[in-house]
Structures are given as structure tokens and as C-alpha cells.
Amino acid sequence: MIKKLLLICLLLKCTTTFAETIRTDVLVVGGGAGGVAAAIQSARSKIKTLLVEQGPWLGGSATSGGMCIMPENRNFASGIYAEFRNHIREFYKPRLGYDTTRNAPLVFEPSTGASILKKITDTVKNLTVKLNTPFTSIKKDGTDWVVTVMDNGKPLIIKAKIVVDATELGDVAAASGVLLTAGFDSRDDTKETLAPGNATNQIQDISYLAILKDFGKAADRTITKPEGYNATLYACLKAADVKKLLAAAVLPNDKYLINWENCGNQYSVTADDLKPENREATFAKARLRTLGLIYYLQTALGYKNLSLTDDFKTTHHLPYLPYIRENRRAAGMVRMVLDDIYTPYNRQSKLYRTSIGVADALPGQHYSVAGVPHIAYPPFPAFSVPLGAVVAKDQENLLVLEKALSVTHLVNGAVTSPAVQMTIGQGAGAAAAFCIFFKRTTKQLDVRTIQGEILDHKGSLLPFADIPQTDRHFRAIQQVAATGMLQGIQKPDGQTAQVLFMPDSAIRTAEVQPLLTELYSRAFIWFGKEKPGDAFTLGNLLSYISEITLRDPTELQEATRRTWKTYYHFNTPFNPKRPATRREFAVLANRFFNPFARTVDITGKLVN
């Protein structure tokens, strides 16, 4: 009898010791803005995809972190981000006063954003989502990854071919052994003229944001005095226009987003403070900072009618996680630097050719401690994010998003907005799907195939302010511009700079000749024979097409004339003697000699 009991106990122990194992092609760890977009894109590309998120909501910083006012990428809403944006706007459209203009900042309640993301993922085939499933470990098993998460309090082992680290703090990359850096990079390291002379460990502040509601003038909803409350920390608000601060933070349903600088709810940290062993203590202090701000607002400034809502099911009614602007950055296949934004066409590497998404965010500089270098950025252009920045260098088949992107500190502040991360995440999802579909690794990526998938799913590669996605020739212009044959023109406007395609401008021979001769051997012969003038005429373009395609020039010109309005839908008159416009060149080049088809490597270099 005793032997039987021992055997039963042993069997019970074995059944509880061995964790369940499941398999997937792509595993996305972290359900933030980037992770959700990556998972959706991978699944829509017909790849079996699993998304695990440690918290109860999808959306990360935008929802669980409360960053629910998003002015970034409002002029470049594309792909999955445009889909999310449209759902939000449709939801609030019946609300009186909700701004539905095309390029208005996106404003929503965190719970609404999380609900909409869940509804979107629920409709995506090939996608499984697990919430309340924290990551615990990762290791390699041959070419596969073995990831352990906690599912309903029990370990769950997931075997995946491709893993996307979309955690807020780069925990998967860190656990896998990827080289990580944090803080300000030195000028000698990055060759950025705006970088400080010496590297530091200082990163941008974190903030526990707060969602407050107006409960009516007569209400007194004063919270309990927070532990360690110090009114002097918030004294600068006495001189502030609090009504103006609140007016800039209005949410639907009489709510406000509290995300105030200076003596507000920012909390200074270093990367060491955000290591797993220090994280909870750091977050607890940041929460007290925000609770103290609310108490000060209610007691010292007289706003007793404003108080925390029950949007977040936490004991303190603050978000599930703080808004994290920066942490450790992974070493990627490429590292994006400021010059890739300001002078993308003048660098040896041509990372714009490898773009997987666009952004127009300004780099944040959120520091509440003295002595941190303040960077005087020139007008900041809209920019493209390169594929290599999401590909881990040290670990094959690992992609990184959120704060782990392979960028410098001076670039980081412009890529961590949820709106930007959702755009980049879609590109990462396309890259992950490519690896599975073509049985490749992340060291064998085909940039053009991945970009084609992004465009197929309504994404963008180049941030042209004057070529919206609704433009009939959007794709042709995106593809030709991604080769560098027609370059964007920066137009400063205050702190920012638009990037324009200028479709109606005349083509100059000098701007297209270098790349045409590099791409096509017959081009050298043609330029020597035709000797086009400074203006590249429509006749020159058709003659060049005839040379490259070996098509009869007379027949080509007549066919183009017949279809000028009906097929190409050009608004300009057909006249071979006038200079060709940039729009006409892009459309005809894309159709007849398709420079986008030429292979480029991860640095944007043309591959012969």
C-alpha cells in the first residue's frame, strides 16, 4: 500500500513539474503598440503567430501606460496605425466636440483603446493572443527559440522560429544575451555633432500618468495624503496656468490626462533603476510622485472636484505601468543615427532605402534633474526607420521593438511614441513573416520583398507630406523614391521640417543620371548618345525607356500618348518636348524599368 501511495505521489509530481509546450512560427512577447502591430501583420501575412502580454490590456504605453493623446504621425497614418486611428475616431464621432479633422491628434480613453485593439486582434486569422501572461526566460534550441511564460500561474513553454521582443523594457533581448547600451552616447562613438563629449547613464524620466475626471464643482474627491508627501516638489505649479494645462489635456467624458513636466509627475531614473531587480521599487516611488501631484492639485490649488477615475483596476487607480520613454537599446544589424534623419542621401549607408515605416515625432528631452545636456536640435524632419534597426545583431531570428530599437540616444526620443511604434511594429511583423514564408533567417532578409508586403498592407516607406496614401500614384512614387532616384526635399517649419516629393516639379538630368547609370549598364551608352540637357524632357524619358526595354521608340511614344489620361491619369498635357515632372518620371519608371526591383542589402547598398 505504501509503495502504491509513493507511486501515485511521484506521478502527481511529474504531471505538475513538466510544463505544457506549444509551438508557433512567430512569437511576439509584449502587447504594446509595436507588438500588437507586429503580431497583426505577421498573422495577416498568413503566418501562425502568438502574442503574449503580461498585463490585462493590449496597447502598452498607449493604454496600460495612459499615453492616450497622440499627436505623432497624424499626417502619416498608414497601415495598422491608420486602422486603429480610424476605429477610435469612429467610436467617438457621435460625441459632441470630438475633433475628427483628418490630421487632428488622436485622443481616447485608455480602456477604449485597449478594447478596440482586442477587437481588431480577435478578427485576425492565424493569431492567438494571451493576456496576463508574463515572460520569464528565453534560450536557444538549435535554430528555434524556447521561451517560458507564466500562463494562469503555471509555466508554459513556447517553441518559436522567430521571436519579436516588444516588451516595454527590452527584457527578452536582455535575457537572450544581446548587447545593450543606455543613456547618452558620446560624440566619438556615434559621430553625431550634437552628441555630448562623454557618454552618461542618464535616460529620460519615466512618468506615472494619471486620468482625472471632473466630478462637478461641488464635489470633494480629495485622495488620501500620499506617503512621504512633500508640497515643495510641486511649488512651481503656483505660477503655472493650470486651466491652460488642463485644457491641453482634455479627454472624452470630462476626463483629463495628467502628464506634466518640470515639477509635475516626471520621475528621474537611470537604466540601472529599471533593471528587473530595481524596477518595482523605482515604480513605487514614481507612483508616489504622481499621487503627490494630484493631492497638491486638490489641496494647494483648489481642484478638489478633480480626482482619479476607475479606468485602471489598480489599488492606486494609476495606470498598470508607467510611461517609459527610454531604456537600454539593442545592438542591431544597423544603428540609426541623427544623420540618417537630417542628411539621409549624403551618407555612405543609404538606410532610407531599407525603410519599414515613417515618423514625424520630435525627439523628447524629459529630464527633471539638473546638469543633463540639452540638445538644440535644428528643425527636425519627418523620417524613415530602417529595417536593420529592428534586427538584433548578436542573436539570429530575434527582432526588437519599443525602447530596444537599435538607435542612438539622440534618435531614441523620436521613435518611442506609440503611434510611431505601431508603424515600426508593422514592418517588424512583415520581416518576421518573410523569414517563415521563405525559410530564411534574419541574416538573410530581402529588403524589397519585405517592403512590398508593407505596401501591400497600406504601409508607407517615405514620409512625403505632399503625397497622401489616397494619391493615385502613391505606390509608384514610394517605390521609386525608395531607390533614391528621386529624393525628398526638406522644408523647415518652426521646430519641424516637412519632407516633400514635389510631384509637379521638373526633373533635372543631374538628379537621375547617377543612379540610372549605376543600375543599368545600357544607361551609360544612352547618356553618351542622347546627351540630354539640364532639363530631362518627357521625350528623353521615353527614349531612355525604349533603350532599356528594347521597345520601338515610335510605337512607345504613340502608346503613351493614347493612354496618358485614360491609363496613367496624368493631369498634364502630353508633350515630349517639355520637361518631365517628378510624378510622371516616377510612374513611368516604376512601370517600365522598375528600379525598386534591384536588390539592396541591410545598409541600403545596391547588390549587383
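The structure presented is a predicted model; accordingly, all values stated were derived computationally and were not measured. (Residues numbered from 1 in each chain as written. Predicted model: local features only at pLDDT ≥ 70, side-chain atom pairs only at ≥ 80, totals over all residues. Heavy atoms only, no water.)

Asks: I'm lost on the overall build of the protein chain in this one. Help?
Replies: Broken down by element type, the protein chain carries 18 helices and 23 strands. For 608 residues, the compact-globule estimate of 2.2 N^0.38 gives 25 Å, and the C-alpha radius of gyration of the protein chain, at 27 Å, lies within 12% of that figure. Viewed in the frame of its principal axes, the protein chain has a C-alpha envelope of about 90 × 75 × 55 Å. Out of the 608 residues in the protein chain, the part that is buried amounts to 57%. Long-range pairs, those at least 24 residues apart, make up 73% of the contacts in the protein chain with a sequence separation of at least 6. By element, 52% of the accessible surface of the protein chain is carried by carbon and sulfur atoms, the whole surface being about 26,300 Å². Separation of charge centres in the protein chain, based on 71 positive and 56 negative side chains, amounts to 3 Å. (Helix = DSSP H or I, 4+ residues; strand = E, 2+ residues; numbered from the N terminus. Rg over C-alpha atoms; globule rule 2.2 N^0.38 Å. Buried < 20%, exposed > 50% of the residue type's maximum accessible area, 1.4 Å probe, protein only. Contact = heavy atoms within 4.5 Å. Areas by Shrake-Rupley, 256 points an atom, 1.4 Å probe, with all protein chains shown as cover. Lys, Arg positive; Asp, Glu negative; His and termini not counted. Charge placed at Lys NZ, Arg CZ, Asp CG, Glu CD.)

Asks: Where do I start with the pattern of salt bridges in this structure?
Replies: Per the stated rule, a full pass over the model turns up 27 salt bridges. Asp171 is the salt-bridge partner of Arg279, the closest N and O atoms lying 2.9 Å from each other. A residue pair is termed long-range when its members are at least 10 positions apart, and Arg279 in helix α8 (residues 276–299) and Asp171 in helix α5 (residues 171–176) qualify at 108 residues. Residues joined in a network through salt bridges with shared partners are Glu109, Lys255 and Asp311. (Salt bridge = Lys/Arg side-chain N within 4 Å of Asp/Glu carboxyl O.)

Asks: Hey, could you run me through the environment of Pro344 in this one?
Replies: Looking at where Pro344 falls in the secondary structure, it is placed in the loop between α9 (339–342) and β18 (355–359). Expressed as a C-alpha distance, the spacing of Pro344 and Gly484, which sit 140 residues apart in the sequence, is 9.7 Å.

Asks: Can you walk me through the environment of Met70 in this structure?
Replies: Counting through the fold element by element, Met70 comes out in strand β3 (residues 69–70). Since its relative accessible area comes to 1%, Met70 is described here as buried. Spatially, the C-alpha atom of Met70 lies 22 Å from that of Ser368, the residues being 298 residues apart in sequence.

Asks: So what exactly am I meant to see when it comes to the sheet that holds strand β23 (residues 496–500) here?
Replies: Sheets are built from strands that pair by backbone hydrogen bonding, the pairs being arranged parallel or antiparallel. The strand order across the open sheet formed by three strands is β19-β23-β22, and the pairing between neighbours is mixed. What marks the edges here is a single partner per strand, and that holds for β19 (380–381) and β22 (489–493). With two bridges connecting them, β19 and β23 associate as parallel partners. Residue pairing in the sheet places Pro381 in a bridge with Ala497 of β23. (Pairing = 2+ DSSP bridges.)

Asks: Which parts of the structure should I look at to understand the sheet that holds strand β16 (residues 323–324)?
Replies: Taken in spatial order, the three strands line up as β14-β10-β16 in an open sheet, and their pairing is antiparallel. On the outer flanks of this sheet lie β14 (266–267) and β16, each paired with one strand and no other. Summarising the sheet, strand β10 (residues 206–207) and β14 pair through two bridges and their orientation is antiparallel. If you follow Ser207 over to β14, its bridge partner there is Gln266.

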